[in-house]
Amino acid sequence: MTEAVVAQKFPYGVEVEAGKTYFWCACGRSQNQPFCDGSHKVTSLTPVAYKAEAAGRVFFCGCKATANAPLCDGTHKGL
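Counting of residues starts from 1 at the beginning of each chain's written sequence and follows it residue by residue. Only residues with pLDDT of at least 70 are given local features in this predicted model, and only at 80 or more are side-chain atom pairs given and counted; all residues enter the totals for whole chains, interfaces and linings. Processing note: side-chain calculations cover all non-hydrogen atoms of the structure and skip hydrogens and water entirely.

Caption draft 1: Highlighting the pattern of salt bridges. Salt-bridge detection follows one rule: a side-chain nitrogen of Lys or Arg within 4 Å of a carboxyl oxygen of Asp or Glu. All chains considered together, the criterion is met by 1 salt bridge. R57 is the salt-bridge partner of E15, the closest N and O atoms lying 3.5 Å from each other. Taken together, the residues E15 in strand β1 (residues 12–16) and R57 in strand β4 (residues 56–60) connect sequence positions 42 residues apart. Secondary structure follows DSSP: runs of H or I at least 4 residues long count as helices, runs of E at least 2 residues long count as strands, and numbering of each begins at the N terminus.

Dropping the structure here:
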C-alpha cells in the first residue's frame, strides 16, 4: 500500500511552539491526526518532519494530497 488515505477534507489548525519539531502523518492512517502514530509502517509512506520557526497557528494538510507537505495548499477543495 502506497496511497495515502484522506483523513479529512479540510486542514488541521494546530498551535505550534517555536523550535519544536512535529511529524506530520503522510499516510492518513494515524489515530493521532495530523501527527504520526506509526501506522504508516504497513505502507511505503513516511512521516514528514516540520520544525516550527515561530510560535503560532499552522494549518497541516488533512487530505494528504498537498503539494506543500506538510502544510495545506488548498488541494482538499478539489476533492
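Caption draft 2: Quick peek at the side chain of Q33. Examined against the element boundaries, Q33 turns out to sit in the loop between β2 (21–24) and β3 (48–51). Contacts described as polar in this section are N or O atom pairs within 3.5 Å, which, within protein, must combine one atom able to donate a hydrogen with one able to accept it, while residues neighboring in sequence count only if both atoms come from side chains. Within polar-contact distance, the side chain of Q33 engages the backbone oxygen of S30 at 3.2 Å. Within the local environment of Q33, its side chain forms a polar contact with the side chain of K64, the two groups lying 2.9 Å apart. By definition, residues are in contact when any of their heavy atoms lie within 4.5 Å. In this structure, Q33 is in contact with A7, Y12, C25, G28 and K64, ignoring residues within four places of it in sequence.

Caption draft 3: Structural context of the packing of aromatic side chains. Aromatic pairs are defined between Phe, Tyr and Trp rings, using the six-membered ring for Trp, whenever the two ring centres lie within 6.5 Å; interplanar angles under 30 degrees are classed as stacked, those over 60 as edge-to-face, and all others as tilted. Counted under the stated rule, the structure contains 3 aromatic pairs. Seen in terms of ring centroids, Y50 and F60 are 5.4 Å apart; in terms of plane orientation they differ by 85°. Their pairing is edge-to-face. Taken together, the residues Y50 in strand β3 and F60 in strand β4 connect sequence positions 10 residues apart.

Treat this as a map of the structure, not an account of what it does.
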